[in-house]
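Each chain, written out:
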Amino acid sequence: MPYLQVPKGTRDIMGKEIVLWRKVEEVVYETAKNFGYEEIRTPIFESTELFTRGVGEGTDIVQKEMYTFTDKGGRSLTLRPEGTAPVMRAYLEHGFAVQQPRVKWFYLGPMFRYERPQAGRMRQFHQFGFEAIGFDSPACDAEIILIAWRIYERLGLHKLSLEMNSLGCPSCKFRYIETLQQFLQREIHSLCDTCKVRLEKNPLRVLDCKNEGCQTIFQSPSFPRLQDFLCEECSKHQETLLATLRFLDIPFSINPRLVRGLDYYTRTAFEIKTGELGAQDAVGGGGRYDNLSQALGGPKVAGVGFAAGIERMVLLLNKMGQGLHALETLVYLAPLDGEGELHLLVLGRRCEELGIPFYMDFADKTLKYHLKKAQKMKVRFVVLVGKAELQNSLFLLKDMFSGEQWTLSQEELLKKLQEEKNSA
Ligand code: AMP
């Protein structure tokens, strides 16, 4: 019988790749701490209504991509396709809007979308996201972008571009959509089939269609531009934000057709892209969502945030040749017989207590096997215990990089390993 396989669009994350995942996660936690963002963990599934109301009925996510099911109690539930609506749900549910309206939170975890899987696009994927709720200053939009930027920088992901746009407030958006629909109606013959449907259901989404016919329409000099429909306050917000980004030395370009796939965005929308991953070029994105709370039945609450995909970041790190060591083991303990095995396990316990990462293999007792394995693992030190060492309670320490070796007592050995660990 063939082995069972993971469902399409999902995968096991293991081996060397785990190092990169941990690295991304560590940088996220560290950066969150530095900027004063607290972690929030929301459920993997939520009521379906949260996403139909929060993300928007007309979006691709709600229309085509949700994993929705009815539980045994007859409730319609959905595996979360994104993190912002759940975060806002939690904010409202726990009374923050009244008691402590300004919060800064971050999350990290799996998301689910029924998409056509390909490299960098999965049905179960992982995002981390930062949300600042209750702040309407454009400086807060800038802080959110700065956080994203710092995380990429700390990971050494440099060749990235930041695209900025403003979608305006609901009244700017409404006026723009009206004009856009009229314009597109006149050009309907050139629109692709998907955009003909979008034109009715979610006209803004037409703007980021990649179809050639649609692209030609966008090039027309009379194509209405969102910027021209921004009210004074929205323009001011955008200008201040862009000036702040310049102050922070964060390079960006304006992409007037950047709309993003979720309905809740108002004013700021941004996306961070890479040229290294082909079609799946977005590594993160976000924006302001001053209407989300109201869409969920709450009061008017400002909010701005971003989410980034960990799979794509790991793909990028992998491309850069990072994370070659699956484990950061400092010392390999190589028993050459059963008695040596007992002694080395006692030594292993001391190593662990002192925070010295060790690895011990019980499969074989030959020197050749152990040295080969230690070499493959790229471990710096090997500790060997043979009969002679056992008799004298000594250990043979070998530096695999320099070839040097020493015979040491347990305390001398641990002292040396600790020094090496601290200088690494
Ligand atoms: P979004 O929530 O659509 O704004 O996406 C934010 C980020 O999540 C994107 O920039 C991607 O890096 C990542 N992402 C979105 N959808 C997927 C997916 N299906 N597979 C992998 N990563 C994704």
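It is worth spelling out the state of the cysteines at this point. A complete count under the given rule lists 0 disulfides for this structure. C192 takes part in no disulfide bond, and the closest cysteine sulfur to it belongs to C195, at a distance of 3.6 Å. Judged by its relative accessible area of 13%, C192 is buried. Of all cysteine sulfurs in the structure, the one in C209 sits closest to C195, which takes part in no disulfide; the separation is 3.6 Å. Residue classification places C195 among the buried positions, given a relative accessible area of 0%.

Let's shift gears to the domain arrangement of the protein chain. You'll often see interface size given as the accessible area lost when the parts meet. Looking at the protein chain, the domain boundaries give domain 1 (17-169 + 231-322), domain 2 (172-229) and domain 3 (331-423). Between the C-alpha centres of domain 2 and domain 3 the distance comes to 67 Å.

What follows concerns the site of the ligand. Neighbouring residues of the ligand: 14 residues in total, closest R113, E115, M122, Q127 and R260. Between the ligand and the protein, one listed contact pairs a nitrogen atom with a backbone N or O atom of M122 at 2.8 Å. Isolated, the ligand exposes 490 Å² of accessible area, and the fraction of that covered by the protein chains is 91%. Mapped by element, the contributors of at least two residues to the shell around the ligand are β6 (124-133), β10 (282-288) and β11 (303-309). Counting residues per element, the shell around the ligand draws most heavily on β10, at 3 residues. When its residues are assigned to classes, the shell around the ligand shows 5 nonpolar, 4 polar and 5 charged.

Procedures and definitions
- Residues numbered from 1 in each chain as written.
- Predicted model: local features only at pLDDT ≥ 70, side-chain atom pairs only at ≥ 80, totals over all residues.
- Heavy atoms only, no water.
- Disulfide = S-S within 2.5 Å.
- Buried < 20%, exposed > 50% of the residue type's maximum accessible area, 1.4 Å probe, protein only.
- Domains from an automatic or database assignment.
- Near = heavy atom within 4 Å.
- Polar contact = N/O pair within 3.5 Å; in protein donor to acceptor, adjacent residues only side chain to side chain.
- Areas by Shrake-Rupley, 256 points an atom, 1.4 Å probe, with all protein chains shown as cover.
- Helix = DSSP H or I, 4+ residues; strand = E, 2+ residues; numbered from the N terminus.
- Nonpolar A, V, L, I, M, F, W, Y, C, P; charged D, E, K, R; others polar.

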